[in-house]
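Structural description and commentary
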Amino acid sequence: MLTKRIIPCLDVRNGRVVKGKKFDDIIDVEDPEILGKYYSDMGADELVFYDITASNEKRGISLEFVEKVAKKINIPFCVGGGVKTIDDFVEILRKGADKVSVNSAAVKNPDLIKEASEKFGNQCVVLSIDAKKVDDNKWHVFVNGGRTDTGLDVIEWANKGTALGAGEIVVNSIDEDGMKKGYDIELLKQITDIVNVPVIASGGAGEMKHFYDALKSADVDGVLAASVFHYKEISIKELKDYLKKKGIEVRI
Amino acid sequence: MNVIVDYGLGNINSVQTALKKAGIDTVITDDKKKIENAEFVLLPGVGAFRDAIGLLKEKGLDIAIKKFADTGKPLVGICLGMQLLYEKSYEYGEYDGLGLIPGEIVKLEKEKKIPHMGWNNLKIKKDDELLKYLKQDMYVYFVHSYYAKSSNDEMLAYTEYGEIIPAIVRKGNVIGFQFHPEKSGQVGANLLKALGEMINDYISSN
(Lines give C-alpha, C1' and ligand atoms only; values in the text may rest on other atoms or scores of the structure.)
Protein backbone atom coordinates (compact mmCIF):
# COMPACT_ATOMS: atom_id res chain seq x y z
CA MET A 1 0.00 0.00 0.00
CA LEU A 2 1.20 3.49 -0.82
CA THR A 3 2.43 5.05 2.40
CA LYS A 4 1.86 8.54 3.71
CA ARG A 5 4.97 10.70 3.47
CA ILE A 6 6.72 12.59 6.25
CA ILE A 7 8.63 15.50 4.77
CA PRO A 8 11.03 17.77 6.67
CA CYS A 9 11.51 21.15 5.10
CA LEU A 10 14.80 23.06 5.18
CA ASP A 11 15.30 26.72 4.36
CA VAL A 12 18.53 27.49 2.58
CA ARG A 13 20.10 30.91 2.27
CA ASN A 14 23.31 31.42 0.30
CA GLY A 15 23.81 27.66 0.25
CA ARG A 16 23.55 27.24 4.02
CA VAL A 17 20.66 25.90 6.07
CA VAL A 18 18.97 28.51 8.17
CA LYS A 19 18.27 27.27 11.72
CA GLY A 20 20.79 24.49 11.24
CA LYS A 21 22.63 25.58 14.35
CA LYS A 22 19.70 24.68 16.54
CA PHE A 23 20.55 21.02 16.30
CA ASP A 24 22.09 20.31 19.66
CA ASP A 25 24.02 17.15 18.91
CA ILE A 26 25.36 18.22 15.55
CA ILE A 27 26.48 21.67 16.48
CA ASP A 28 27.07 24.28 13.81
CA VAL A 29 25.95 22.08 11.00
CA GLU A 30 24.63 24.21 8.20
CA ASP A 31 25.47 22.00 5.27
CA PRO A 32 22.27 21.10 3.44
CA GLU A 33 23.67 17.72 2.41
CA ILE A 34 24.66 16.74 5.95
CA LEU A 35 21.32 17.72 7.41
CA GLY A 36 19.58 16.08 4.46
CA LYS A 37 21.46 12.86 5.11
CA TYR A 38 20.62 13.10 8.80
CA TYR A 39 16.88 13.34 8.09
CA SER A 40 17.08 10.63 5.50
CA ASP A 41 18.74 8.30 8.01
CA MET A 42 16.06 9.18 10.57
CA GLY A 43 13.39 7.90 8.17
CA ALA A 44 12.22 10.98 6.27
CA ASP A 45 10.43 9.91 3.10
CA GLU A 46 11.36 12.96 1.12
CA LEU A 47 12.97 16.35 1.67
CA VAL A 48 12.06 19.85 0.62
CA PHE A 49 14.62 22.64 0.35
CA TYR A 50 13.47 26.23 -0.03
CA ASP A 51 16.12 28.54 -1.32
CA ILE A 52 15.50 31.90 0.33
CA THR A 53 18.59 33.64 -1.03
CA ALA A 54 17.49 37.19 -1.60
CA SER A 55 19.73 38.39 -4.40
CA ASN A 56 19.59 36.84 -7.84
CA GLU A 57 23.31 37.19 -8.12
CA LYS A 58 23.97 34.94 -5.16
CA ARG A 59 21.22 32.51 -6.09
CA GLY A 60 23.21 30.69 -8.73
CA ILE A 61 25.97 30.02 -6.22
CA SER A 62 23.48 29.09 -3.53
CA LEU A 63 21.96 26.43 -5.76
CA GLU A 64 25.22 24.54 -5.80
CA PHE A 65 23.92 22.84 -2.67
CA VAL A 66 21.45 20.89 -4.85
CA GLU A 67 24.28 18.98 -6.46
CA LYS A 68 25.83 18.14 -3.10
CA VAL A 69 22.51 16.93 -1.72
CA ALA A 70 21.91 14.75 -4.79
CA LYS A 71 25.29 13.09 -4.30
CA LYS A 72 24.72 12.49 -0.60
CA ILE A 73 21.17 11.22 -0.23
CA ASN A 74 19.21 8.47 -1.94
CA ILE A 75 15.65 9.54 -1.28
CA PRO A 76 13.69 12.01 -3.40
CA PHE A 77 13.91 15.74 -2.81
CA CYS A 78 12.21 18.86 -4.03
CA VAL A 79 13.74 22.32 -4.43
CA GLY A 80 11.73 25.53 -4.42
CA GLY A 81 12.05 29.23 -3.77
CA GLY A 82 12.39 31.90 -6.42
CA VAL A 83 11.66 29.59 -9.34
CA LYS A 84 10.48 31.82 -12.18
CA THR A 85 11.38 30.32 -15.53
CA ILE A 86 11.79 27.06 -17.41
CA ASP A 87 15.54 27.68 -17.19
CA ASP A 88 15.25 27.57 -13.39
CA PHE A 89 13.59 24.16 -13.71
CA VAL A 90 16.31 22.95 -16.04
CA GLU A 91 19.06 24.12 -13.72
CA ILE A 92 17.59 22.60 -10.57
CA LEU A 93 16.66 19.27 -12.18
CA ARG A 94 20.07 19.03 -13.84
CA LYS A 95 21.71 19.48 -10.48
CA GLY A 96 19.86 16.38 -9.33
CA ALA A 97 16.58 17.42 -7.67
CA ASP A 98 13.59 15.20 -8.37
CA LYS A 99 10.97 17.92 -8.20
CA VAL A 100 10.78 21.68 -8.44
CA SER A 101 8.16 23.72 -6.67
CA VAL A 102 6.69 26.94 -8.01
CA ASN A 103 4.64 29.48 -6.13
CA SER A 104 4.30 33.20 -7.00
CA ALA A 105 5.71 32.87 -10.50
CA ALA A 106 2.98 30.40 -11.39
CA VAL A 107 0.31 32.82 -10.19
CA LYS A 108 1.74 35.50 -12.48
CA ASN A 109 2.29 33.10 -15.35
CA PRO A 110 0.21 29.91 -15.07
CA ASP A 111 1.60 28.66 -18.39
CA LEU A 112 4.87 28.03 -16.57
CA ILE A 113 3.19 24.97 -15.00
CA LYS A 114 2.03 23.73 -18.38
CA GLU A 115 5.34 24.29 -20.07
CA ALA A 116 7.31 22.65 -17.27
CA SER A 117 5.05 19.62 -16.99
CA GLU A 118 5.10 19.04 -20.74
CA LYS A 119 8.85 19.29 -20.76
CA PHE A 120 9.74 17.31 -17.64
CA GLY A 121 6.60 15.37 -16.79
CA ASN A 122 4.04 16.40 -14.19
CA GLN A 123 5.77 14.38 -11.45
CA CYS A 124 8.51 17.05 -11.46
CA VAL A 125 6.19 20.01 -11.05
CA VAL A 126 4.96 20.87 -7.58
CA LEU A 127 2.54 23.75 -7.14
CA SER A 128 3.08 25.39 -3.79
CA ILE A 129 0.15 27.54 -2.62
CA ASP A 130 0.23 30.06 0.23
CA ALA A 131 -3.35 30.12 1.49
CA LYS A 132 -5.01 32.54 3.89
CA LYS A 133 -8.56 32.46 5.15
CA VAL A 134 -10.48 35.55 4.04
CA ASP A 135 -13.99 34.55 5.04
CA ASP A 136 -15.93 31.58 6.38
CA ASN A 137 -15.02 28.65 4.20
CA LYS A 138 -13.09 30.88 1.81
CA TRP A 139 -9.33 31.04 1.26
CA HIS A 140 -7.31 33.24 -1.06
CA VAL A 141 -3.93 32.66 -2.66
CA PHE A 142 -1.34 35.06 -1.25
CA VAL A 143 2.07 35.88 -2.74
CA ASN A 144 5.20 37.80 -1.71
CA GLY A 145 5.72 35.80 1.44
CA GLY A 146 2.05 36.04 2.39
CA ARG A 147 1.83 39.83 2.09
CA THR A 148 -0.19 40.24 -1.09
CA ASP A 149 -3.72 38.94 -1.64
CA THR A 150 -4.08 37.87 -5.26
CA GLY A 151 -7.84 37.55 -4.93
CA LEU A 152 -7.57 34.04 -6.36
CA ASP A 153 -9.66 31.36 -4.68
CA VAL A 154 -7.38 28.60 -3.37
CA ILE A 155 -9.65 25.73 -4.39
CA GLU A 156 -10.01 27.12 -7.91
CA TRP A 157 -6.28 27.71 -8.19
CA ALA A 158 -5.49 24.16 -7.03
CA ASN A 159 -7.90 22.85 -9.62
CA LYS A 160 -6.46 25.02 -12.37
CA GLY A 161 -2.90 24.17 -11.38
CA THR A 162 -3.49 20.44 -11.67
CA ALA A 163 -5.36 20.90 -14.95
CA LEU A 164 -2.29 22.74 -16.25
CA GLY A 165 -0.10 19.82 -15.23
CA ALA A 166 1.07 20.19 -11.63
CA GLY A 167 1.74 16.69 -10.29
CA GLU A 168 1.51 17.62 -6.63
CA ILE A 169 0.07 20.42 -4.52
CA VAL A 170 1.64 21.75 -1.35
CA VAL A 171 -0.80 23.79 0.71
CA ASN A 172 0.84 26.21 3.15
CA SER A 173 -1.60 27.70 5.57
CA ILE A 174 -0.46 31.23 6.39
CA ASP A 175 -2.88 31.42 9.31
CA GLU A 176 -1.53 28.29 10.95
CA ASP A 177 2.14 28.67 10.05
CA GLY A 178 4.24 28.85 13.18
CA MET A 179 1.18 28.65 15.45
CA LYS A 180 1.69 24.96 16.25
CA LYS A 181 -2.05 24.45 16.63
CA GLY A 182 -2.40 21.96 13.79
CA TYR A 183 -2.82 22.00 10.02
CA ASP A 184 -5.83 23.71 8.43
CA ILE A 185 -7.94 20.57 8.11
CA GLU A 186 -10.99 22.24 6.55
CA LEU A 187 -8.95 23.78 3.77
CA LEU A 188 -7.00 20.59 3.13
CA LYS A 189 -10.19 18.52 3.00
CA GLN A 190 -11.65 20.71 0.32
CA ILE A 191 -8.52 20.40 -1.77
CA THR A 192 -8.10 16.63 -1.44
CA ASP A 193 -11.78 16.29 -2.38
CA ILE A 194 -11.34 17.93 -5.75
CA VAL A 195 -7.82 17.31 -7.04
CA ASN A 196 -6.58 13.99 -8.38
CA VAL A 197 -2.91 14.48 -7.54
CA PRO A 198 -1.08 14.07 -4.22
CA VAL A 199 -1.66 16.87 -1.70
CA ILE A 200 0.89 17.81 0.95
CA ALA A 201 -0.10 19.70 4.10
CA SER A 202 2.18 22.46 5.36
CA GLY A 203 2.02 24.93 8.23
CA GLY A 204 0.82 24.39 11.75
CA ALA A 205 2.36 21.16 13.01
CA GLY A 206 3.12 21.33 16.71
CA GLU A 207 2.46 17.85 18.02
CA MET A 208 2.13 14.33 16.68
CA LYS A 209 -1.64 14.39 16.74
CA HIS A 210 -1.62 17.22 14.20
CA PHE A 211 0.11 14.99 11.67
CA TYR A 212 -2.41 12.25 12.33
CA ASP A 213 -5.36 14.62 11.91
CA ALA A 214 -4.16 15.89 8.53
CA LEU A 215 -3.41 12.40 7.25
CA LYS A 216 -6.59 10.86 8.61
CA SER A 217 -9.27 13.56 8.52
CA ALA A 218 -8.09 15.48 5.47
CA ASP A 219 -6.61 12.40 3.77
CA VAL A 220 -3.52 14.27 2.58
CA ASP A 221 -0.72 12.22 1.04
CA GLY A 222 2.09 13.80 2.96
CA VAL A 223 2.81 16.16 5.81
CA LEU A 224 5.51 18.77 5.74
CA ALA A 225 7.02 20.39 8.80
CA ALA A 226 10.10 22.39 9.70
CA SER A 227 10.53 23.65 13.24
CA VAL A 228 9.20 20.61 15.15
CA PHE A 229 11.87 18.55 13.44
CA HIS A 230 14.63 21.16 13.55
CA TYR A 231 14.17 21.82 17.23
CA LYS A 232 13.81 18.12 17.94
CA GLU A 233 10.41 18.51 19.50
CA ILE A 234 9.34 15.50 17.47
CA SER A 235 11.58 12.84 16.03
CA ILE A 236 10.60 11.33 12.70
CA LYS A 237 11.02 7.82 14.02
CA GLU A 238 8.82 8.45 17.03
CA LEU A 239 6.23 10.12 14.79
CA LYS A 240 6.15 7.19 12.39
CA ASP A 241 5.76 4.68 15.22
CA TYR A 242 2.89 6.74 16.59
CA LEU A 243 1.16 6.99 13.21
CA LYS A 244 1.57 3.30 12.54
CA LYS A 245 -0.03 2.45 15.88
CA LYS A 246 -2.92 4.69 14.95
CA GLY A 247 -3.44 2.74 11.73
CA ILE A 248 -1.76 5.09 9.24
CA GLU A 249 0.39 3.39 6.58
CA VAL A 250 3.94 4.66 6.95
CA ARG A 251 7.30 3.38 5.80
CA ILE A 252 9.26 2.05 8.76
CA MET B 1 32.51 -0.87 -20.31
CA ASN B 2 29.26 -0.24 -18.44
CA VAL B 3 27.04 2.26 -20.13
CA ILE B 4 24.17 4.56 -19.19
CA VAL B 5 22.30 5.53 -22.34
CA ASP B 6 22.10 9.30 -22.70
CA TYR B 7 19.23 10.35 -24.89
CA GLY B 8 18.74 13.81 -23.45
CA LEU B 9 16.05 13.09 -20.88
CA GLY B 10 16.05 12.61 -17.18
CA ASN B 11 18.27 12.94 -14.22
CA ILE B 12 21.09 10.57 -15.07
CA ASN B 13 23.59 11.73 -12.45
CA SER B 14 21.76 10.26 -9.46
CA VAL B 15 21.53 6.89 -11.23
CA GLN B 16 25.23 7.02 -11.96
CA THR B 17 26.06 7.93 -8.35
CA ALA B 18 23.89 5.09 -7.01
CA LEU B 19 25.45 2.57 -9.40
CA LYS B 20 28.91 3.69 -8.37
CA LYS B 21 28.05 3.12 -4.72
CA ALA B 22 26.91 -0.38 -5.74
CA GLY B 23 30.31 -1.00 -7.33
CA ILE B 24 29.25 -0.38 -10.93
CA ASP B 25 31.34 2.26 -12.70
CA THR B 26 29.56 3.63 -15.73
CA VAL B 27 30.01 6.05 -18.58
CA ILE B 28 27.13 8.16 -19.85
CA THR B 29 27.01 8.04 -23.62
CA ASP B 30 24.90 8.23 -26.76
CA ASP B 31 27.56 6.49 -28.85
CA LYS B 32 26.02 3.52 -30.70
CA LYS B 33 29.26 1.56 -30.87
CA LYS B 34 29.88 1.94 -27.15
CA ILE B 35 26.36 0.71 -26.42
CA GLU B 36 26.64 -2.29 -28.73
CA ASN B 37 30.00 -3.29 -27.26
CA ALA B 38 29.20 -2.62 -23.60
CA GLU B 39 29.24 -5.21 -20.82
CA PHE B 40 26.17 -3.74 -19.20
CA VAL B 41 23.66 -1.17 -20.42
CA LEU B 42 21.30 0.90 -18.31
CA LEU B 43 18.39 2.71 -19.89
CA PRO B 44 17.21 5.53 -17.63
CA GLY B 45 14.13 7.60 -18.21
CA VAL B 46 11.98 10.40 -16.99
CA GLY B 47 9.33 12.06 -19.10
CA ALA B 48 6.97 10.80 -21.77
CA PHE B 49 7.30 7.55 -23.73
CA ARG B 50 6.69 9.34 -27.04
CA ASP B 51 9.60 11.74 -26.53
CA ALA B 52 11.95 9.04 -25.26
CA ILE B 53 11.39 6.55 -28.07
CA GLY B 54 11.52 9.44 -30.56
CA LEU B 55 14.91 10.55 -29.28
CA LEU B 56 16.26 6.98 -29.22
CA LYS B 57 15.19 6.41 -32.83
CA GLU B 58 16.47 9.78 -33.99
CA LYS B 59 19.94 8.81 -32.80
CA GLY B 60 19.67 5.19 -33.91
CA LEU B 61 20.04 4.11 -30.31
CA ASP B 62 17.00 1.81 -30.44
CA ILE B 63 18.85 -0.47 -32.83
CA ALA B 64 22.04 -0.31 -30.79
CA ILE B 65 20.16 -1.30 -27.64
CA LYS B 66 18.44 -4.20 -29.39
CA LYS B 67 21.77 -5.40 -30.76
CA PHE B 68 23.21 -5.21 -27.26
CA ALA B 69 20.24 -7.14 -25.85
CA ASP B 70 20.89 -9.91 -28.39
CA THR B 71 24.34 -10.49 -26.91
CA GLY B 72 22.73 -11.84 -23.73
CA LYS B 73 24.51 -9.32 -21.53
CA PRO B 74 22.46 -7.55 -18.84
CA LEU B 75 20.23 -4.69 -19.98
CA VAL B 76 18.40 -2.75 -17.28
CA GLY B 77 15.64 -0.17 -17.70
CA ILE B 78 14.56 2.11 -14.88
CA CYS B 79 11.08 3.70 -14.70
CA LEU B 80 10.31 4.95 -18.22
CA GLY B 81 13.43 3.04 -19.24
CA MET B 82 11.68 -0.17 -18.18
CA GLN B 83 8.52 0.78 -20.07
CA LEU B 84 10.58 1.31 -23.24
CA LEU B 85 11.55 -2.37 -23.13
CA TYR B 86 7.95 -3.41 -23.90
CA GLU B 87 6.22 -3.62 -27.27
CA LYS B 88 3.91 -0.65 -27.19
CA SER B 89 2.75 2.33 -25.14
CA TYR B 90 -0.49 4.27 -25.15
CA GLU B 91 0.93 7.42 -23.57
CA TYR B 92 -0.16 10.47 -25.66
CA GLY B 93 -1.08 8.19 -28.59
CA GLU B 94 0.23 4.82 -29.63
CA TYR B 95 3.96 4.25 -29.93
CA ASP B 96 6.10 1.19 -30.51
CA GLY B 97 8.71 0.41 -27.89
CA LEU B 98 11.84 -1.73 -28.14
CA GLY B 99 9.78 -4.93 -28.05
CA LEU B 100 12.20 -6.87 -25.88
CA ILE B 101 9.45 -7.92 -23.46
CA PRO B 102 5.93 -8.82 -24.64
CA GLY B 103 3.29 -6.45 -23.29
CA GLU B 104 1.92 -2.92 -23.40
CA ILE B 105 2.22 0.24 -21.35
CA VAL B 106 -1.18 1.55 -20.27
CA LYS B 107 -2.48 4.32 -18.00
CA LEU B 108 -3.14 3.69 -14.32
CA GLU B 109 -6.70 3.33 -13.08
CA LYS B 110 -8.51 6.66 -12.82
CA GLU B 111 -10.00 6.22 -9.34
CA LYS B 112 -6.52 6.46 -7.85
CA LYS B 113 -4.44 9.59 -7.67
CA ILE B 114 -2.11 9.91 -10.62
CA PRO B 115 0.88 9.91 -10.67
CA HIS B 116 1.40 6.94 -8.38
CA MET B 117 3.96 8.83 -6.35
CA GLY B 118 5.61 7.74 -3.12
CA TRP B 119 6.78 4.70 -1.21
CA ASN B 120 4.97 1.44 -1.84
CA ASN B 121 5.70 -2.12 -0.72
CA LEU B 122 7.09 -4.84 -2.96
CA LYS B 123 5.53 -8.29 -3.11
CA ILE B 124 7.94 -10.95 -4.25
CA LYS B 125 6.50 -13.29 -6.86
CA LYS B 126 9.52 -15.17 -8.19
CA ASP B 127 12.83 -16.01 -6.64
CA ASP B 128 15.76 -14.43 -8.46
CA GLU B 129 19.39 -13.55 -7.79
CA LEU B 130 18.42 -9.87 -8.13
CA LEU B 131 16.15 -10.16 -5.10
CA LYS B 132 18.64 -11.82 -2.81
CA TYR B 133 18.73 -8.88 -0.38
CA LEU B 134 15.03 -8.13 -0.69
CA LYS B 135 12.46 -9.25 1.84
CA GLN B 136 8.69 -9.30 1.47
CA ASP B 137 6.96 -5.89 1.80
CA MET B 138 10.00 -3.67 1.70
CA TYR B 139 9.30 -0.13 0.48
CA VAL B 140 10.62 1.51 -2.66
CA TYR B 141 9.94 4.87 -4.32
CA PHE B 142 7.57 4.99 -7.30
CA VAL B 143 6.73 7.88 -9.62
CA HIS B 144 4.72 6.96 -12.68
CA SER B 145 1.34 7.33 -14.39
CA TYR B 146 1.56 4.33 -16.74
CA TYR B 147 2.37 0.70 -16.07
CA ALA B 148 3.25 -2.51 -17.89
CA LYS B 149 0.34 -4.77 -18.74
CA SER B 150 1.39 -8.21 -19.87
CA SER B 151 1.05 -11.91 -19.11
CA ASN B 152 3.26 -11.10 -16.11
CA ASP B 153 5.46 -14.09 -16.93
CA GLU B 154 8.41 -11.73 -16.58
CA MET B 155 7.30 -10.35 -13.21
CA LEU B 156 9.67 -10.92 -10.28
CA ALA B 157 8.01 -8.50 -7.86
CA TYR B 158 4.98 -6.24 -7.91
CA THR B 159 3.20 -3.57 -5.95
CA GLU B 160 -0.47 -2.77 -5.68
CA TYR B 161 -2.05 0.52 -6.67
CA GLY B 162 -5.56 -0.13 -7.88
CA GLU B 163 -3.97 -2.80 -10.05
CA ILE B 164 -1.11 -5.23 -9.82
CA ILE B 165 1.82 -3.09 -10.94
CA PRO B 166 4.88 -5.02 -12.17
CA ALA B 167 7.75 -3.48 -10.21
CA ILE B 168 10.75 -5.68 -11.04
CA VAL B 169 10.63 -7.64 -14.29
CA ARG B 170 13.09 -9.93 -15.98
CA LYS B 171 13.06 -11.78 -19.26
CA GLY B 172 16.43 -13.48 -19.47
CA ASN B 173 19.04 -10.73 -19.63
CA VAL B 174 16.46 -7.95 -19.97
CA ILE B 175 15.58 -6.41 -16.61
CA GLY B 176 13.30 -3.57 -15.58
CA PHE B 177 12.55 -1.57 -12.43
CA GLN B 178 9.34 0.46 -12.50
CA PHE B 179 10.37 2.34 -9.35
CA HIS B 180 13.58 4.28 -8.77
CA PRO B 181 16.13 2.09 -6.96
CA GLU B 182 18.48 5.09 -6.87
CA LYS B 183 15.88 6.98 -4.81
CA SER B 184 14.74 4.09 -2.65
CA GLY B 185 17.10 4.42 0.30
CA GLN B 186 18.83 1.32 1.59
CA VAL B 187 16.38 -1.09 -0.07
CA GLY B 188 17.16 0.40 -3.47
CA ALA B 189 20.88 0.41 -2.72
CA ASN B 190 20.69 -3.32 -1.90
CA LEU B 191 18.88 -4.08 -5.14
CA LEU B 192 21.62 -2.28 -7.08
CA LYS B 193 24.23 -4.14 -5.07
CA ALA B 194 22.65 -7.43 -6.15
CA LEU B 195 22.61 -6.13 -9.71
CA GLY B 196 26.31 -5.24 -9.48
CA GLU B 197 27.11 -8.74 -8.23
CA MET B 198 25.08 -10.26 -11.03
CA ILE B 199 26.97 -8.21 -13.61
CA ASN B 200 30.34 -9.22 -12.13
CA ASP B 201 29.31 -12.89 -12.12
CA TYR B 202 28.27 -12.58 -15.72
CA ILE B 203 31.53 -10.94 -16.76
CA SER B 204 33.69 -13.46 -14.90
CA SER B 205 31.81 -16.45 -16.29
CA ASN B 206 32.00 -15.29 -19.92
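Just above sits the structure.
**Comments concerning the overall build of chain B**
Scanning chain B from terminus to terminus reveals 6 helices and 14 strands. Taking 206 residues into account, the globule formula puts the C-alpha radius of gyration at 17 Å, and chain B, at 15 Å, falls close to it. Out of the 206 residues belonging to chain B, those deemed buried represent 59%. Within chain B, residue pairs in contact and separated by at least 24 positions form 69% of the contacts whose partners lie at least 6 positions apart. Counting only carbon and sulfur atoms, one obtains 47% of the accessible surface of chain B, whose full area is about 8,000 Å². In chain B, 26 side chains carry a positive charge and 28 a negative one; their mean positions are 2 Å apart.

**Some details on the side chain of Thr-162 of chain A**
Residue placement: Thr-162 of chain A occurs in helix H7 (residues 154-164). Discounting residues that sit within four places of it in the chain, Thr-162 of chain A has contacts with Ile-169, Val-195 and Val-197 of chain A.

**Some remarks on the interface of chain A and chain B**
The partner chain B presents 28 residues to the 36 residues of chain A that form the contact. Taking both partners together, chain A and chain B bury about 2,300 Å²; carbon and sulfur atoms supply 50% of that area. Per-residue buried area on chain A facing chain B is highest for Leu-2, Asn-74 and Asn-196 of chain A; these three make up 25% of the total on that side. Counting across the interface, chain A meets chain B through 2 salt bridges. One salt bridge connects Lys-113 of chain B with Asp-221 of chain A, and the closest N-O pair in it is separated by 2.6 Å. At the boundary of chain A with chain B, the tally comes to 11 residue pairs in polar contact (both at pLDDT 80 or more). Looking at the side of chain A that touches chain B, the elements with two or more residues in it are helix H3 (64-72) and helix H4 (86-94) of chain A. By residue class, the composition of the side of chain A that touches chain B is 15 nonpolar, 8 polar and 13 charged.

**Focus on the sheet that holds strand E1 (residues 2-5) of chain B**
All names here are of chain B. Strands sit in the order E2-E1-E3-E4-E14-E13-E12-E9 across an open sheet of 8 strands; the sheet is mixed. In this open sheet, the two edge strands, each paired with only one partner strand, are strand E2 (27-29) and strand E9 (123-124). Here E9 pairs with strand E12 (residues 155-161) via 2 bridges, running antiparallel. Within E12, the residue paired with Lys-123 across the bridge is Tyr-158. Contacts between helix H1 (residues 12-21) and the sheet are confined to E1, E2, strand E3 (40-43) and strand E4 (75-78), with E1 contributing the most and set at about 160° to the helix.

**Let's talk about the packing of aromatic side chains**
All names here are of chain A. What the rule picks out here adds up to 10 aromatic pairs over all chains. Considering the side-chain rings of Phe-49 and Phe-65, the 5.5 Å spacing of their centres and the 55° angle between planes classify their relative orientation as tilted. In this pair, Phe-49 is assigned in strand E3 (residues 47-51) and Phe-65 in helix H3, connecting sequence segments 16 residues apart. Both residues of the pair, Phe-49 and Phe-65, belong to the buried class. Judged by centre distance (5.9 Å) and plane angle (80°), the ring pair of Tyr-183 and Phe-211 falls under edge-to-face. Within this pair, whereas Tyr-183 is found in the loop between strand E9 (168-173) and helix H8 (185-194), its partner Phe-211 is found in helix H9 (residues 208-216), the two being separated by 28 residues in sequence. Accessibility classification places Tyr-183 together with Phe-211 in one group, the buried group. Every member of this aromatic cluster is reached through a ring pair, and the members are Tyr-38, Tyr-39, Tyr-183, Phe-211 and Phe-229.

**Considering H3 of chain A**
Among the residues of H3 of chain A, Phe-65, Val-66, Val-69 and Ala-70 of chain A are the ones counted as buried. Angularly, the buried residues of H3 of chain A cover 140° about the axis, an arc narrow enough to put them on a single face.

**As for the environment of Lys-183 of chain B**
Tracing the chain through its elements places Lys-183 of chain B in the loop between strand E14 (174-177) and helix H6 (185-205). On the basis of relative accessibility, which here comes to 2%, the residue Lys-183 of chain B falls in the buried class. C-alpha separation for the pair Lys-183 of chain B and Lys-113 of chain B, spaced 70 residues apart in sequence, amounts to 21 Å. Setting aside anything within four residues of it in sequence, one finds Lys-183 of chain B in contact with Asn-74, Ile-75, Pro-76, Phe-77, Gly-96 and Asp-98 of chain A together with Ser-14, Trp-119 and Tyr-141 of chain B.

**Regarding the packing of H9 of chain A against helix H11 (residues 236-245) of chain A**
Residues and elements named next belong to chain A. One can describe the packing of H9 onto H11 by two numbers: an axis separation of 10 Å at closest approach and a directional angle of 50°. Here H11 runs oblique to H9, going by the angle between their axes. When you trace H9 past H11, the crossing you get is right-handed. Only Glu-238, Leu-239, Tyr-242 and Leu-243 of H11 make contact with H9, whose side of the interface consists of Met-208, Lys-209, Phe-211, Tyr-212 and Leu-215. Its residues placed into classes, the contact of H9 with H11 shows 7 nonpolar, no polar and 2 charged.

**Quick notes on the pairing of strand E10 (residues 199-202) of chain A**
All names here are of chain A. Of the two faces of E10, the one holding Val-199 and Ala-201 and the one holding Ile-200 and Ser-202 are both buried throughout. With 4 bridges connecting them, E9 and E10 associate as parallel partners. For Val-171, the partnering residue across the bridge sits in E10 and is Ala-201. Following the backbone out of E9, through H8 and into the adjacent parallel E10, one traces a crossover that is right-handed. In this sheet, strand E11 (residues 222-225) lies alongside E10 in parallel orientation, the contact comprising 3 bridges. Bridge pairing in E11 links Ala-201 to Val-223. In this view, the connection linking E10 to its parallel neighbour E11 by way of H9 has right-handed handedness.

**A short note on the sheet that holds strand E11 (residues 146-149) of chain B**
All names here are of chain B. Across the sheet, 4 strands lie side by side as E6-E5-E7-E11; this open sheet has mixed pairing. In this open sheet, the two edge strands, each paired with only one partner strand, are strand E6 (95-96) and E11. Relative to E11, strand E7 (residues 101-107) runs antiparallel, the two sharing 4 bridges. Counterpart to Ile-105 in the pairing with E11 is Ala-148.

Rules used in this analysis
Residues numbered from 1 in each chain as written. Chains lettered and ligands numbered in written order. Predicted model: local features only at pLDDT ≥ 70, side-chain atom pairs only at ≥ 80, totals over all residues. Heavy atoms only, no water. Helix = DSSP H or I, 4+ residues; strand = E, 2+ residues; numbered from the N terminus. Rg over C-alpha atoms; globule rule 2.2 N^0.38 Å. Buried < 20%, exposed > 50% of the residue type's maximum accessible area, 1.4 Å probe, protein only. Contact = heavy atoms within 4.5 Å. Areas by Shrake-Rupley, 256 points an atom, 1.4 Å probe, with all protein chains shown as cover. Lys, Arg positive; Asp, Glu negative; His and termini not counted. Charge placed at Lys NZ, Arg CZ, Asp CG, Glu CD. Buried area = accessible area lost by both parts, 1.4 Å probe. Salt bridge = Lys/Arg side-chain N within 4 Å of Asp/Glu carboxyl O. Polar contact = N/O pair within 3.5 Å; in protein donor to acceptor, adjacent residues only side chain to side chain. Nonpolar A, V, L, I, M, F, W, Y, C, P; charged D, E, K, R; others polar. Pairing = 2+ DSSP bridges. Axes fitted to C-alpha atoms, helices over the stretch in contact; angles between N-to-C directions. Phe/Tyr/Trp six-rings, centres within 6.5 Å; stacked < 30°, edge-to-face > 60°. Arc of directions from axis to C-beta. Parallel < 35°, antiparallel > 145°, perpendicular 65-115°, else oblique. Left-handed = near helix turned anticlockwise from the far one by under 90°. Right-handed = clockwise from strand over helix to strand, strands pointing away.

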